[in-house]
Structures are given as C-alpha cells and as structure tokens.
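An overview of the molecular structure
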Amino acid sequence: MNSTTMIQTEEELVAKMTEPSPAVTEAMARIKGDIMLLGVAGKMGPSLAELLLRAGAKQVVGVSRFSDAKQRHYLDSLGVKTIRCNLIDDQALQTLPDVGHIFLLAGHKFGSTGNEPLTWAMNTLLPAKIMRRFPLSRIVYVSSGNVYQFCEASSGGSRESGTLEPIGEYAQSRLGGERVIQYYSERNGTPVAILRLFYATELRYGVILDIAQRIKARKPIDLTMGYVNQIWQGDANAYLARSFPLCESPATILNLTGPEILSVREIALQLGELMGIEPLFQGQESQTALLGNAGELFKRLGFPAIKVSQILRWVAHWVAQENPTLNKPTKFESRTGKF
C-alpha cells in the first residue's frame, strides 16, 4: 500500500503503521538479544511490538496486566512473548527477565482525574521501580509533552530546554517520573532516552479523529486550544524503534512530535471540505497552547514519512465509512490538565 491509497480496514491500518522502513530494519539488525515492552497493551504498544518483529527483532517480550485477553492472544499470534505482570508489584517485577533493551510505555492518563493516587503511582513511582530493577539495561521512556508550559504558536513550540510548567496532576506526575529516571540514570549509569510525546495519531484515535467525528455529528468544535502538534503513530513508533542509540547517562531528553504547528480551525475546515460537511465552532483561539518543537529529533533521525495532509484524507474517509475507533477521546482541548 502506498501513502496515497485509502485505508479501508483495521488490518490495512495496522499493516501500514507497522511497515518497517530500511532505517528501522537496520536499527533492529544492530540489537542483540531481546527487547521488552513494559505496558505493551496500551495505545502504542501493540503496533510498536509488531513493527519491531516485522523489522527483524530477535525476540520481543510484551509485559502487561492484560485485562483484555483478546489483545494478549493477538500479540501471542504475532510471535510476541507475553508476560502477565502487575508492574507496580515489587515481587512480580522481580520475576521479569533481565533484558538489555526496554521500552517503558506504562502510564496513566485517561481517568487520572479522581484517581490521583494511581496516577502518581504509575507515572512517578513505577519509573523509579523500573530504574532500580534494570540498572544495566538501555531504557527508552515515553513521557508526555504535557510537562511544558503553554506557549504561543508563533514561538515554534517548546524545545527541550524550555520552561517546564506542568498543569494538573497528570502532567505533574509525568515530570515526577522524568526526574526519578534522571536521578537513577546518573546514580547507576543507566543509559536512558526520555521521549516527550505530543499527540500520536492514527485512524482509530487522535486529535484529527476527534475533530472529524464532531464534524460528522454536527457538533461544535472547541477552539480554546487552538493549535496542536500531530504525528502519525507509525512514524512515532519508527522513531522509538531507532532511539536506543540515543540512550545516555545522564538521560537524553527529546521531543517526539510532527514538524508543523497546526491550527485546529484549519484542520476542521480541511476535514469539512473532504467530508462535504461545514464544521461548527465554539469559542475563540487562546494566545497559547501546548506545543512542542522536535527539531533536535529530526536533526538526529530525519523527518517523519507521513504528512498531515495525508492523515486528513485517511481520517475523513475512515469516519465517512463509519469504521471502528478505540472510543477514547484525546481531550486535547483541556487547558486545566484534567483528563
């Protein structure tokens, strides 16, 4: 399937997101031994695991509580070695195999409001436990762009050296996780890369899908958070797959997002044109938004393969065909840090 072909089914979607580039295949060829994904059953874990296997990874180990048995069965069918484990439990954590390369994907965002103790346990306490358990591994930690302060769209987005001003307990707990990882990385010499992710998107989940669904339902689109970043989840996974050489002690910190700062209003207008429906709006754009600049990542690993214009066409077609979604709104419009 080339980049201009419309994606019709979930099978085609997953195949597109997990198609390895030559650079990803080369990265896997350099890794000796197993790769372990902690929190494999989340939004990005299954497609990342499949990408690694398709790119030639020797063995992929996927760890989760696996509350959804179908998801574990699917990963098993791909060749992932799945392990059921409550990562926050110290005894269970000790039973995991020693693996040289680890993705720490586990975290808690949606439902964090009203469940703050679990949010802090998953986003701050758990990273400390992982760093103590695996001091000799190379660890890639997927954090969040929510740790930054809001900035003006004209600024080009927050850079890694920018001001950190996390709003709400989810964002605060994410910064807490980064800090304890930095502490243990320096104390134990553990090589780490912290990737601050802004809005990975696919056809079943993401900001663009949220907007398209509101257009189709003739519901107004909130413009208060007037600007966003977007990156195709397949591209985000490809960057993650290539990120182990970026691991250092002290920890490397990089933003992971797309190159453009996108207007929510303009996204909606373009989707509306593609869908043949005029979008409705409410509110006005604020002067600031949660935005990131991933220029340093692009300098090291190149630009994403999939452009936003293509994602818009795919999403408009997907929603028009009433194809399935994950039914998980991003809540990108929240300016209070409550999710």
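Anything mentioned here points back to the structure above.
Now for a description of the structure that goes with this document. Quantities reported herein were computed from a predicted structural model and do not represent experimental measurements.

**Describing the packing of aromatic side chains**
Counting across every chain of the model gives six aromatic pairs. Between Tyr183 and Tyr184 the ring centres are 5.0 Å apart and the planes differ by 75°, which places this aromatic pair in the edge-to-face class. When its relative accessible area of 10% is taken as the criterion, Tyr184 is described as buried. Here Tyr239 and Phe298 contribute two aromatic rings whose centre-to-centre distance is 6.3 Å and whose plane-to-plane angle is 40°, an arrangement assigned as tilted. Here Tyr239 is found in helix 9 (residues 233-241), whereas its partner Phe298 is found in helix 11 (residues 295-301), with 59 residues between them in sequence. In terms of burial, Tyr239 and Phe298 fall into one category: buried. In this structure an aromatic cluster arises from ring pairing among Tyr239, Phe298 and Phe303. Against the face of Phe134 rests Arg133, its NZ or CZ located 4.4 Å from the ring centre. Lying over the aromatic face of Phe281, Arg265 brings its terminal NZ or CZ to 5.2 Å of the ring centre.

**Looking at the pairing of strand 3 (residues 81-84)**
The pairing of strand 2 (residues 60-64) with strand 3 spans four bridges and is parallel. Counterpart to Ser64 in the pairing with strand 3 is Arg84. With helix 4 (residues 69-78) bridging strand 2 and its parallel neighbour strand 3, the resulting β-α-β unit is right-handed.

**Some points on the packing of helix 6 (residues 116-133) against helix 7 (residues 168-188)**
With their axes 8 Å apart at the nearest point, helix 6 and helix 7 run at an angle of 10° to one another. Taken together, the axis directions place helix 6 and helix 7 in an arrangement best described as roughly parallel. By crossing handedness, the relation of helix 6 to helix 7 is classed as right-handed. Touching Glu116, Thr119, Trp120, Asn123, Thr124, Pro127, Ala128, Met131 and Arg132 of helix 6 are Glu169, Tyr170, Gln172, Ser173, Arg174, Gly176, Gly177, Val180, Ile181, Tyr184, Ser185 and Asn188, all from helix 7. Of the residues contributing to the contact of helix 6 with helix 7, the split by class is eight nonpolar, nine polar and four charged.

The rules behind these values
Residues numbered from 1 in each chain as written. Predicted model: local features only at pLDDT ≥ 70, side-chain atom pairs only at ≥ 80, totals over all residues. Heavy atoms only, no water. Phe/Tyr/Trp six-rings, centres within 6.5 Å; stacked < 30°, edge-to-face > 60°. Buried < 20%, exposed > 50% of the residue type's maximum accessible area, 1.4 Å probe, protein only. Helix = DSSP H or I, 4+ residues; strand = E, 2+ residues; numbered from the N terminus. Lys NZ or Arg CZ within 6 Å of the ring centre and 35° of its normal. Pairing = 2+ DSSP bridges. Right-handed = clockwise from strand over helix to strand, strands pointing away. Axes fitted to C-alpha atoms, helices over the stretch in contact; angles between N-to-C directions. Parallel < 35°, antiparallel > 145°, perpendicular 65-115°, else oblique. Left-handed = near helix turned anticlockwise from the far one by under 90°. Contact = heavy atoms within 4.5 Å. Nonpolar A, V, L, I, M, F, W, Y, C, P; charged D, E, K, R; others polar.

Remember, this is a structural readout, not a statement about activity or role.
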